[in-house]
Amino acid sequence: MPKPGRVSKKILQHELVPEHRVLTLEEAAEVLRKLGVRPWNLPMISINDPIVRILKAKPGDIIEIRRRSPTAGESIVYRIVVPY
Amino acid sequence: MIIEDNKRNLDSVLKAAEELLPRNLYEELVNKLNEVPNLTKNEKIEIVEETVRDFIAHMIQPGEPVGTIAAQSIGEPGTQMTLRTFHYAGLIEFDVTLGLPRLIEIVDAKREPSTPMMIIYLDERYKYDGEKAKEIARRLEYTMMENILDSINYIIGDRTLTITLDKDMMEDKGATTQMVLDALKRLKLGEFEIDEENPYVINVTLSEKVLPDEYLYDIKTYTNIVDKVKRAYLKGIKGIRRAIIRKDSRTGEYIIYTDGSNLEEVIRIRGIDYRKVRTNNIHEIARVLGIEAARNAIIEQIIDVLSNSGLDVDIRHIMLVADIMTWTGKIRQIGRLGVVGDKTSVLAKAAYEVTTKNLFEAAASGAIEEFMGVTESIIAGLEPPTGTGTIVTGVARSLIRKLNEVKEVNEFEFEHRERA
């Protein structure tokens, strides 16, 4: 693991990295209602993930990811931040 | 169908379509609608509706065993792959594992690929500059003193070390005498100077600290010092064994291919395009760029391997594999230590690999089999929860209670009638 201070914002511009965004509480509740799932049913993302560290998200936050998909053009997926 | 309204208008129909359709399909639809001339408004609405209807009809059904379909779709063409390790297409200089061994490596989520490599693109300024590309490639290559040495000589009991450098190797690796002197300074061996007659010979006088008097005639101490000198760092990035420049015949830009991989360090080198750096070490990508980048890398590399063998597998199957591998935020292998091992069912795990161990452990810990998955249901002869099997009929508890009440009333009446 790179040390916290060493995560460079450069990586956000890398081709492989899609756009990440932390949802507000209201948005998160709306997303969960729309999908009809519980937070722990979502795919996870580690708190140690370099992108999560740049976003300064906390465990329990839901992250919206806009993937560039070759089949759908763009697809939006959600991941929940887990503390491990 | 989308909007049940007699006064349908194109805007609201399109708006509904935008929500339902994936973005590039929607964009294509709008473009086509604008392109084709002489369409009436109603015709346009019909076209949009038909598109949406068709799209919904082709969506995957709930309960469809997509995992099994993906496994078959990748597995069948996989049988046609060669087991041989191949050279990378167009690169004769070093081996890169391709074909089935590489595919297995990816889905097994090996910590280190057997042949780590990187593809490094240069940034705008140096893209077409062969000289600059060479310079950057040289800066990448990990070079130790050992790589440019001709010989190290010493006479036991004399305290002097004569280091002879290989001129050709130095030029090839792009190392300078100054680098060597700096390296020696860092080693703190003692006084050193360049030989007056030959600029490629350096004489080192070992200090008292490195070679104490009582060890003056000890060969082992000398060998240790020589090893230390050999391993001294000169330049480059750790893990990058070799860097090769290739000119892309189509675009004419220079691309650096490296043997060995170190994404963390390479991304910080100036002059390279850090947005496009690629490595085949997926764990490294997950560590440096995050789990989503790793997912993309898995997809990219599986497709790369398959298309190199001339196989065409639908990307959706590969996306599913990558999604499952990155589900927990860490990279899991498809196998006993990853995806299958994380299953809760004892029988499903035992059916995969190491049957007895799984069963013993389950018995020892008193595990409970819930029969919620496909594998264990098949073993027990139950209806597997897939396809139509996902639908379960049940009765609400409140309804049962109500039925019982009715029954009680009936019995009460019955008793009364009997008594009467």
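Residues numbered from 1 in each chain as written. Chains lettered and ligands numbered in written order. Predicted model: local features only at pLDDT ≥ 70, side-chain atom pairs only at ≥ 80, totals over all residues. Heavy atoms only, no water.

Trainee: Lay out the overall build of chain A in plain terms, naming residues and giving numbers.
Mentor: Secondary structure summary: chain A contains two helices and four strands in total. What you see in chain A, going N to C, is helices and strands ordered as β-α-β-α-β-β. With respect to the principal axes defined by its C-alpha atoms, chain A has extents near 40 × 30 × 20 Å. Per-residue burial over chain A gives 42% buried out of 84 residues. Excluding contacts between residues fewer than 6 apart, the proportion of contacts in chain A whose partners are at least 24 apart in sequence is 59%. Accessible area for chain A stands at about 4,700 Å²; split by element, carbon and sulfur atoms hold 57% of it. (Helix = DSSP H or I, 4+ residues; strand = E, 2+ residues; numbered from the N terminus. Buried < 20%, exposed > 50% of the residue type's maximum accessible area, 1.4 Å probe, protein only. Contact = heavy atoms within 4.5 Å. Areas by Shrake-Rupley, 256 points an atom, 1.4 Å probe, with all protein chains shown as cover.)

Trainee: I'd like a description of the interface of chain A and chain B, backed by residues and values.
Mentor: Taken together, the contact between chain A and chain B spans 31 residues of the former and 34 residues of the latter. Around 2,900 Å² of area is buried between chain A and chain B when both sides are counted, 54% of it from carbon and sulfur atoms. Looking only at chain A, the three residues that lose the most surface to chain B are Lys10(A), His14(A) and Leu16(A), adding up to 23% of its buried area. Here chain A and chain B share five salt bridges between them. The shortest N-O distance in the salt bridge between Glu292(B) and Arg79(A) comes to 2.7 Å. For the interface between chain A and chain B, the tally reads 17 residue pairs in polar contact (both at pLDDT 80 or more). Elements represented by at least two residues in the side of chain A that touches chain B include exactly strand E2 (44-46), helix H2 (50-55), strand E3 (62-69) and strand E4 (73-82) of chain A. (Buried area = accessible area lost by both parts, 1.4 Å probe. Salt bridge = Lys/Arg side-chain N within 4 Å of Asp/Glu carboxyl O. Polar contact = N/O pair within 3.5 Å; in protein donor to acceptor, adjacent residues only side chain to side chain.)

Trainee: Go over the pattern of salt bridges, please, and point to the residues and values.
Mentor: For side chains bearing opposite charge, pairing can occur when the charged atoms are close. In this structure the tally under the stated criterion is 27 salt bridges over all chains. Here Arg67(A) makes a salt bridge to Asp323(B), at a shortest N to O gap of 3.3 Å. Note that Arg67(A) is positioned in strand E3 and Asp323(B) in helix H14 (residues 315-325), a pairing that runs across two chains. Given the relative accessible area of 7%, Arg67(A) is considered buried. Between Arg23(B) and Glu74(A) there is a salt bridge, with the nearest N and O atoms lying 3.4 Å from each other. Here the residue Arg23(B) occupies a position in helix H2 (residues 23-35), and Glu74(A) occupies one in strand E4, the pair thus bridging two chains. Judged by relative accessible area, which is 41%, Arg23(B) ranks as partly exposed. On the basis of relative accessible area, Glu74(A) is assigned to the partly exposed category, the value being 25%.

Trainee: Before we move on, could you go through the packing of H2(B) against helix H3 (residues 41-57) of chain B and cite the residues and values that matter?
Mentor: Residue and element names in this part refer to chain B. The contact between H2 and H3 brings their axes to 11 Å, and the two run at 155°. With respect to each other, H2 and H3 are oriented roughly antiparallel. The handedness of the crossing between H2 and H3 is right-handed. Here Leu25, Leu29 and Leu33 of H2 come into contact with H3, specifically with Lys44, Ile47, Val48, Thr51 and Phe55. (Axes fitted to C-alpha atoms, helices over the stretch in contact; angles between N-to-C directions. Parallel < 35°, antiparallel > 145°, perpendicular 65-115°, else oblique. Left-handed = near helix turned anticlockwise from the far one by under 90°.)

Trainee: Help me get a handle on the sheet that holds strand E5 (residues 190-194) of chain B, residues and values and all.
Mentor: Within a beta sheet, neighbouring strands are joined by backbone hydrogen bonds and run either parallel or antiparallel to one another. All names here are of chain B. Within the open sheet, the four strands sit side by side as E3-E4-E6-E5. Their pairing is antiparallel. Looking along the sheet, the strands with just one partner apiece sit at the ends: strand E3 (149-154) and E5. The sheet shows a mean angle of 20° between the axes of neighbouring strands, direction not considered. As paired elements, E5 and strand E6 (residues 201-206) share five bridges and run antiparallel to each other. Looking across to E6, one finds that glutamate 193 is bridged to asparagine 203. (Pairing = 2+ DSSP bridges.)

Trainee: Could you give an account of the sheet that holds strand E10 (residues 278-279) of chain B, naming the residues involved and the relevant values?
Mentor: All names here are of chain B. Ordered by their spatial adjacency, four strands build an open sheet running E8-E9-E1-E10, and the pairing between neighbours is antiparallel. Taken across any chain shown, the strands that pair with only one partner, and hence form the sheet edges, are strand E8 (242-247) and E10. Where strand E1 (residues 117-121) lies against strand E9 (residues 254-259), five bridges are found, and the strand directions are antiparallel. In the strand pairing of E9, methionine 118 is matched with threonine 258. On top of the sheet, helix H6 (residues 130-140) reaches E1, E8 and E9; it is set at about 20° to E9, its chief contact.

Trainee: Could you give an account of the nonpolar core, naming the residues involved and the relevant values?
Mentor: Counting 60 residues, the largest nonpolar core has Val266(B) and Leu289(B) as its most contacted members. Per element, the largest residue contribution to this core is nine residues, and it comes from helix H13 (residues 291-308) of chain B. Apart from the residues within four sequence positions on either side, Leu289(B) is in contact with Ile11(A), His14(A), Val17(A), Pro50(A), Ile51(A), Leu263(B) and Ile267(B). The next biggest cluster of nonpolar side chains, apart from the first, holds 27 residues, and it includes Leu161(B), Leu206(B), Tyr222(B) and Ile225(B). (Core = buried A, V, L, I, M, F, W, Y, C linked by side-chain atoms within 4.5 Å.)

Trainee: Describe the side chain of Ser261(B), with residues and values.
Mentor: Residues and elements named next belong to chain B. Relative to the helices and strands, serine 261 is located in the loop between E9 and helix H11 (263-266). In terms of polar contacts, serine 261 uses its side chain to reach the side chain of threonine 279, at 2.7 Å. Here the side chain of serine 261 touches glutamate 284 through a polar contact of 2.6 Å, side chain to side chain.

Trainee: Give a detailed account of the environment of Lys330(B), specifying residues and quantitative values.
Mentor: Counting through the fold element by element, Lys330(B) comes out in the loop between H14 and helix H15 (346-352). Residue classification places Lys330(B) among the partly exposed residues on the basis of a relative accessible area of 42%. C-alpha of Lys330(B) to C-alpha of Gln72(B): the two residues are 258 residues apart in sequence and 25 Å apart in space. Apart from the residues lying within four places of it in its own chain, the contact partners of Lys330(B) are Ser46(A), Tyr84(A), Ile291(B) and Met325(B). Of the polar contacts made by the side chain of Lys330(B), one reaches the backbone oxygen of Tyr84(A); its length is 3.4 Å.

Trainee: Break down the pairing of E6(B) for me, with residues and values.
Mentor: All names here are of chain B. Inspection of the sheet shows strand E4 (residues 160-165) paired to E6 by five bridges, in the antiparallel sense. Residue pairing across strands places isoleucine 163 opposite isoleucine 202, the latter belonging to E6. Between E5 and E6, which pair antiparallel in sequence order, lie six residues.

Scope: geometric values only; no functional claims are made or implied.
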